[in-house]
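One-letter residues, chain by chain:
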Amino acid sequence: MKVLHWGLAWGFAALCCASAASAQGVLERVSGGGKLVIAHRESSVPFSYIDTQSGKPVGYAVDLCLRLAEVVRKKTGKKDMQVEFLAVTPANRIAVIEQGKADMECGSTTNNAERRQKVAFTVPHFITGARLLVKSGSTIDKVEDLNGKKLVSTKGTTPLKAADQANRERLMGITILEAPDHAKAVEMVEKGEADAFVMDDVLLYGLAAGRPDPKALKVVGRFMTTEPLAIMLPKNDPEFKKLVDEEMRRLINSRDIYPIYEKWFAKPIPPSNTVLNLPVSYLLRDFWKYPTDQVPF
């Protein structure tokens, strides 16, 4: 009986320790000498992608996350705070944040009600919508033109779900294909393996601009979705979220975010120095008048 008693005691103690560790917030961990982990994407141009010349993650969302990292450094007083980058995919990005493997996901992730069950989001840094990428010579001009054709999207994304739902509800007879990442989806369109790629239009423009022959592709169609893109955070860390939200609001209200935006959407970007020429949309300007993490989706 004594052996069983002590076994239970040790088991309970271990469980308590594990719970305490999992409950530790980002700021507390960093204050204790821990590193800040930033999750990034590999082909979400111009938000978060790998610059093939430097081999490092770059982009609009990455720059914003580095600003947020500086605020964490100041708040914790840890001048020697390490920042580590962790590559994620559309399929595993939510789990990486939910499981505490990264503290911020800096990419092109949509803030919606389904995802807010598992993670938190800060103030949106972009508002876009899903459209279609097709070959320049294609006669496809809208989603209705895809009847009986092949449509690809990236696994784990909201445009993929929207396309699948529209296909089922409207009996369009579209063959829905999944790609592991954005770059592969574009390649499938170029090779004729898919007739169109549905994704956030800003990503489509960025992806097309980075291809060997950008003019061989075009973006068409009406918005199928509305996508408020925001940096993803742990769900149950209110102190960390408050700090991030305050800095995002400061960047927007002070207009410090505009030069960062222009750097990636109005000026040449690596690796091929293409210019996207995408000014701040009226939707985003209106949203930034009263910046909030609350979105009606």
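Note that the structure is a prediction, hence the values are computed from the model and not measured.

Novice: How do you make sense of unusual backbone geometry when you look at a structure like this?
Specialist: Cis geometry marks the peptide bond from Val45 to Pro46, where omega comes out at 0°. Counting through the fold element by element, Pro46 comes out in the loop between strand 2 (43–44) and strand 3 (48–50). The residue after Pro270, namely Pro271, is reached through a cis peptide bond having omega 5°. Of note in this structure, Asn273 is not a glycine but carries a positive phi near 60°. Summarising the element assignment, Asn273 is placed in the loop between helix 9 (257–265) and helix 10 (282–289).

Novice: Honestly, the packing of aromatic side chains in this entry has me stumped. Any pointers?
Specialist: Any pair of aromatic rings gets described here by the distance separating the centres and the angle formed by the planes. If you walk through the whole model with that rule in mind, you get 10 aromatic pairs. A centroid spacing of 5.7 Å and a plane angle of 65° characterise the contact between Phe47 and Phe265, whose relative ring orientation is edge-to-face. Taken together, the residues Phe47 in the loop between strand 2 and strand 3 and Phe265 in helix 9 connect sequence positions 218 residues apart. Residue Phe47 shares its accessibility class with Phe265, and that shared class is buried. Ring geometry for Tyr60 and Phe265: centres 5.3 Å apart, planes at 80°, overall edge-to-face. Of the two residues, Tyr60 is situated in helix 3 (residues 60–76) and Phe265 in helix 9; the sequence distance between them amounts to 205 residues. Overall, the relative accessible area of 0% leaves Tyr60 in the buried class.

Novice: Looking at this structure, I do not really get the state of the cysteines. What am I missing?
Specialist: Think of a disulfide as a covalent bridge from one cysteine sulfur atom to another cysteine sulfur atom. Inspection of the entire model under this criterion finds 1 disulfide. Between the sulfur of Cys65 and that of Cys106 lies a disulfide, 1.7 Å long from S to S. Between Cys65 and Cys106, the disulfide has an S-S torsion of -95° and is therefore left-handed. Residue Cys65 is found in helix 3, and its partner Cys106 is found in strand 6 (residues 104–106); the two are separated by 41 residues along the sequence. Judged on exposure class, the residue Cys65 and its partner Cys106 are both buried.

Conventions adopted
Residues numbered from 1 in each chain as written. Predicted model: local features only at pLDDT ≥ 70, side-chain atom pairs only at ≥ 80, totals over all residues. Heavy atoms only, no water. Helix = DSSP H or I, 4+ residues; strand = E, 2+ residues; numbered from the N terminus. Phe/Tyr/Trp six-rings, centres within 6.5 Å; stacked < 30°, edge-to-face > 60°. Buried < 20%, exposed > 50% of the residue type's maximum accessible area, 1.4 Å probe, protein only. Disulfide = S-S within 2.5 Å.

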